[in-house]
Amino acid sequence: MRRPKISIIGAGNVGATCAHWILSAELADVILLDIPELTVKDKDGNDTRVPNTMPAGKALDLYESSPICGSDCKLVGTSDYAQTANSDVVIVTAGIPRKPGMSRDDLIATNTKIVGEVAEKVGKASPNTVMIVVSNPLDAMVYVAWKKSGLPTHRVIGQAGVLDTARYRSFLAEEVGCSVEDVQALLLGGHGDDMVPLARYTFAGGIPITQLVKPERLAQIIQRARDGGAEIVKLLRTGSAYYAPAAATVQMAEAIIKDKKRILPAAAYCTKEYGVGGYFVGVPAILGSNGVEKVLEIELDANEKKALDTSVQHVKDLVAAVKL
Ligand code: APR
C-alpha cells in the first residue's frame, strides 16, 4: 500500500514541527521544502549565497529518530517542487513570523509575495491536493493561496480555529481543573484577535461552561485565548508560536488523510454560508479526503451574529489590502 504523502513548504519552526508530529503519528511520508539558497557572511564578512541544506538536515535528523519512535515514514528535505508532486496534503508555512510588537497584519506584503509564489508551484505540482495554509495573516494568506494555486475552493483551507480553540480549551481546563480532553469549544471568524468565541457552544464534560465558570472569568479567558499568539511572541522574543500551531495543522491533515469527516473549526471558503459572500472565514467544517466537505451553519443570536459580522469585515479589509 502506498503511504500518503504530505509536503510541507517552509522548513522553519512550524514546518519542521509539523514534520515531527506527522512522523510521531506515522501519518505520511514527508517532503520538507524550503528556499534553495541562503545568504551568509564569508570569512571576510561579505554576503555570499550558499545552498540551503537546512531542510535536508532537519529531514535527516528527524528520520534518525524514527527507530526510537517506531515510525517508518520517509522524510526528504529539498528545494525542488518536483519532489512534492502528487502530494495528498500540502502544508504551507512559508513566510516570515512576527516579532514582538508586530501584529499578524504587519506581515501582509512580505507573506503575500511568498505565499503567492509557493501556491502557484504547489498547484502545478499537486493539482489534486488539499492545501492547508498556516502563514499569517492567515485569513488573507489562505485567500492568496487559493487565487494563485488554481485549486478549487474546497481544497484550500486555513489553519486558525483548531489552534485558537486549543488555546481556549487549555485555559478553560486549567480553570475548571479538569482534563483538556473534556473541554469542547467552538470559535468562529478570523484568527486570534478577531475570533468569535461562542460560550453557548462551549462545554466541559457535556456541562455548559457558563455553569462552571463565572461570566467575568470567562471573559478574561476568552481575551487570553484571543491574545494567545502575542503572549507567545512576547515570551519567545524571536519568532512566533510553533508547537501548538503545528499540532493543530497536523490534526487537520490527519482528518483529510484518513478521511475522518471530523468537525473542526477551519478557515473555509464561504459564499452564502453565514452571509460571508466569498471569503475564507473560520467556521465549523467537515474535513475529509476532499478537503472541506461541508460548512456547518449554526444558529447565532444577535450578539454572536454582530461579532461575526465585525470579524468578517476585518477579513474583507485584510483581503482588500492584498496586492496580487
Ligand atoms: N519558499 C519556501 N520556503 C520559504 C519561502 C519560499 N518562497 N520563503 C520563506 N520560506 C521559509 C523560510 O526560509 C523559513 O525556513 O519559510 C520558513 C519560515 O520559518 P520560520 O521563520 O521559522 O517561521 P515559522 O515560525 O515557522 O512561521 C511561519 O507560520 O504561524 C505562521 O506567522 C507564522 O507566517 C509565519 C509562518
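Residues numbered from 1 in each chain as written. Predicted model: local features only at pLDDT ≥ 70, side-chain atom pairs only at ≥ 80, totals over all residues. Heavy atoms only, no water.

## Here we look at the sheet that holds strand β13 (residues 207-208)
Strands sit in the order β9-β12-β13 across an open sheet of three strands; the sheet is antiparallel. Of all the strands in the sheet, just β9 (183-184) and β13 have a single pairing partner and so form its edges. As judged from the two bridges shared by β9 and strand β12 (residues 203-204), these two strands associate in the antiparallel manner. Bridge pairing in β12 places Val 183 opposite Ala 204. (Pairing = 2+ DSSP bridges. Helix = DSSP H or I, 4+ residues; strand = E, 2+ residues; numbered from the N terminus.)

## Structural notes on the nonpolar core
Ranked by size, the top nonpolar core spans 81 residues in total, and within it Ile 6, Ile 8, Ile 22, Met 131 and Leu 287 carry the most contacts. Two domains each donate at least three residues to this core, and these are domain 1 (5-158) and domain 2 (161-320). Residue contacts for Leu 287: discarding those within four places in its chain leaves Ile 157, Met 252, Ala 255, Ile 256, Lys 260, Lys 261, Arg 262, Leu 264 and Val 292. Counting 15 residues, the second largest nonpolar core, distinct from the first, contains Ile 209, Val 213, Ile 222 and Ala 225. (Core = buried A, V, L, I, M, F, W, Y, C linked by side-chain atoms within 4.5 Å. Buried < 20%, exposed > 50% of the residue type's maximum accessible area, 1.4 Å probe, protein only. Domains from an automatic or database assignment. Contact = heavy atoms within 4.5 Å.)

## Thoughts on a nonpolar patch on the surface
Taken together, the side chains of Ile 35, Leu 38 and Val 40 define a hydrophobic patch exposed on the protein surface, amounting to about 220 Å² of accessible area. Exposure remark for Val 40: the relative accessible area of 33% places this residue in the partly exposed category. (Patch = residues over 30% accessible without salt bridge, like charges linked within 9 Å, V, L, I, M, F, W, Y side chains within 5 Å. Areas by Shrake-Rupley, 256 points an atom, 1.4 Å probe, with all protein chains shown as cover. Salt bridge = Lys/Arg side-chain N within 4 Å of Asp/Glu carboxyl O.)

## Quick notes on helix α9 (residues 243-257)
With 15 residues, α9 ought to run about 21 Å at 1.5 Å a step, and its terminal C-alpha atoms sit 21 Å apart, in line with that. Among the residues of α9, those classed as buried are Pro 245, Ala 246, Ala 248, Thr 249, Val 250, Met 252, Ala 253, Ala 255, Ile 256 and Ile 257. Count one or two residues on from α9 and you reach Asp 259, which has phi positive near 50°. (Expected span 1.5 Å × (residues − 1).)

## Comments concerning the pairing of strand β2 (residues 29-33)
The buried fraction of β2 is high, at five of five residues. Both faces of β2 are covered, namely the face carrying Asp 29, Ile 31 and Leu 33 and the face carrying Val 30 and Leu 32. Bridge count for strand β1 (residues 5-9) against β2 is five bridges, and the pairing is parallel. In the strand pairing of β2, Ile 8 is matched with Leu 32. After leaving β1, the chain enters helix α1 (residues 13-24) and then returns to the sheet as β2, a path that is right-handed. Pairing of β2 with strand β5 (residues 75-78), which is carried by four bridges, proceeds in the parallel orientation. Directly across from Leu 32, in β5, lies its bridge partner Gly 77. (Right-handed = clockwise from strand over helix to strand, strands pointing away.)

The values are spatial; any link to function lies outside them.
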